[in-house]
Amino acid sequence: MAGDSYPENSFEFFNDVIEWVSDFLDQLDKPLNLELKLIYMNTSSVKAMMDIFDLLEAAHLKGRAVSVNWYYDPRNERVIELAEEFKEDCTFSFMIIPDEK
Amino acid sequence: MQDLDLLSIREQFNKEQILLCFNGPITRSLIEEIGNALKNYLQANDAEPSAAMDVFGTYIEMTQNIRHYATSKGYTEIEGAATIVVARHDSTHYAILAGNIVEKEDAQLLSQRVEALASMDKAELKAAYKQQLRKPRDQSATTGAGLGLLDIARKSSKPLNANLVDTENGKTLFSLLAIV
């Protein structure tokens, strides 16, 4: 997932992604790695994103291999702060990586 | 309209360093269009990327709050109209002022909520934000996550300021000023 996210009804917007992640974790036993390059998120997108990370966290606690790589533009520290706050609630591998491109 | 003194409006805009001003019914696509214009202005103004994102984020949360409120009250487009002003505050800060018509009783509640937020420090605001984030979603609510005002308060460099003015038709113009 990449870019800005600020739909009015984020739950509706993210529902398909949440379902996909949930089904993937339930039905397969492959590792799941999320590659993120999200920049701005409104608060309802943050809430929906937290639902996704909660699914990953629950799977991780059951021994599943899950990880997140969140790439950010080093010129914008707000993205690091956003990613760091999500990371605080996660015990799986959550990398916040400067994207030098 | 002939009496409208455009020069004085223009001079006032210049004096207050207003970047953007909007008044009228606000739709989902308008929020996006104005938001894009705002991003361009900020870029042209050489705003730091983090400052530009704070201004944009504050604008988005304020306008989406207004839309959610109007929807929840079943307001018409005209009743749900928003007045938005974005101005330079000083060399590193911006002021975002947004207002809409609300029911009198809601105006009091909103004002109390803003006052409560204005009295909290950054750590308290973060704790309250995280607590709200963890609250189960109200399945019937098609609106936001109840985080908008908290998010605006967290982005602000000064305490939030709410203002209430009663209108002739028994409602209240609620406005919120954030300095980010």
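Residues numbered from 1 in each chain as written. Chains lettered and ligands numbered in written order. Predicted model: local features only at pLDDT ≥ 70, side-chain atom pairs only at ≥ 80, totals over all residues.

## Focus on the interface of chain B and chain A
Condition: By the convention adopted here, residues are in contact when the distance between their C-beta atoms, placed from the backbone, does not exceed 7 Å. For helices the rule is a DSSP run of H or I covering at least 4 residues; for strands it is a run of E covering at least 2, with both sets numbered from the N terminus onward. Residue classes follow a fixed rule: Ala, Val, Leu, Ile, Met, Phe, Trp, Tyr, Cys and Pro count as nonpolar, while Asp, Glu, Lys and Arg count as charged, and any other residue, Gly among them, counts as polar.
Taken together, the contact pairs 18 residues of chain B with 15 residues of chain A. Looking at the side of chain B that touches chain A, the elements with two or more residues in it are α3 (49–72) and α6 (148–155) of chain B. At 9 residues, α3 of chain B tops the list of elements feeding residues into the side of chain B that touches chain A. Tallied by class, residues from the side of chain B that touches chain A come to 7 nonpolar, 6 polar and 5 charged.

## Here we look at helix α1 (residues 6–15) of chain B
Using the following cut-off: In this scheme the burial state of a residue depends on its C-beta neighbours within 10 Å: 20 or more other such atoms mean buried, 12 or fewer mean exposed, and anything in between means partly exposed; the C-beta positions come from the backbone.
Little of α1 of chain B sits out of view: just 0 of its 10 residues are buried. Positive backbone phi, at 55 degrees, marks Q17 of chain B, one or two positions downstream of α1 of chain B.

## Things to note about the nonpolar core
Spelled out, the test is: Here a nonpolar core is just a set of buried residues of the types Ala, Val, Leu, Ile, Met, Phe, Trp, Tyr and Cys, joined wherever their C-beta atoms sit within 7 Å.
Membership of the largest hydrophobic core comes to 61 residues, with the highest contact counts inside it found for V55, F56, Y59, V86 and I96 of chain B. With 10 residues, α3 of chain B is the single largest residue contributor to this core.

## Describing the packing of helix α4 (residues 104–118) of chain B against α6 of chain B
Residue and element names in this part refer to chain B. For clarity, the cut-off: As a rule, the C-alpha atoms of each element are fitted with a line to give its axis, helices using only the stretch in contact, and angles between N-to-C directions run from 0 to 180 degrees. Definitions for this section: a left-handed crossing has its near helix turned counterclockwise from the far helix by less than a right angle. A right-handed crossing has that turn clockwise.
Look at α4 against α6: their axes get within 10 Å of each other, and the N-to-C directions meet at 35 degrees. Regarding α4 and α6, the two cross each other, and that crossing is right-handed. The residues of α6 that touch α4, namely those facing R113, V114 and L117, are L149, L150 and A153. Counted by class, the contact of α4 with α6 contains 5 nonpolar, no polar and 1 charged residues.

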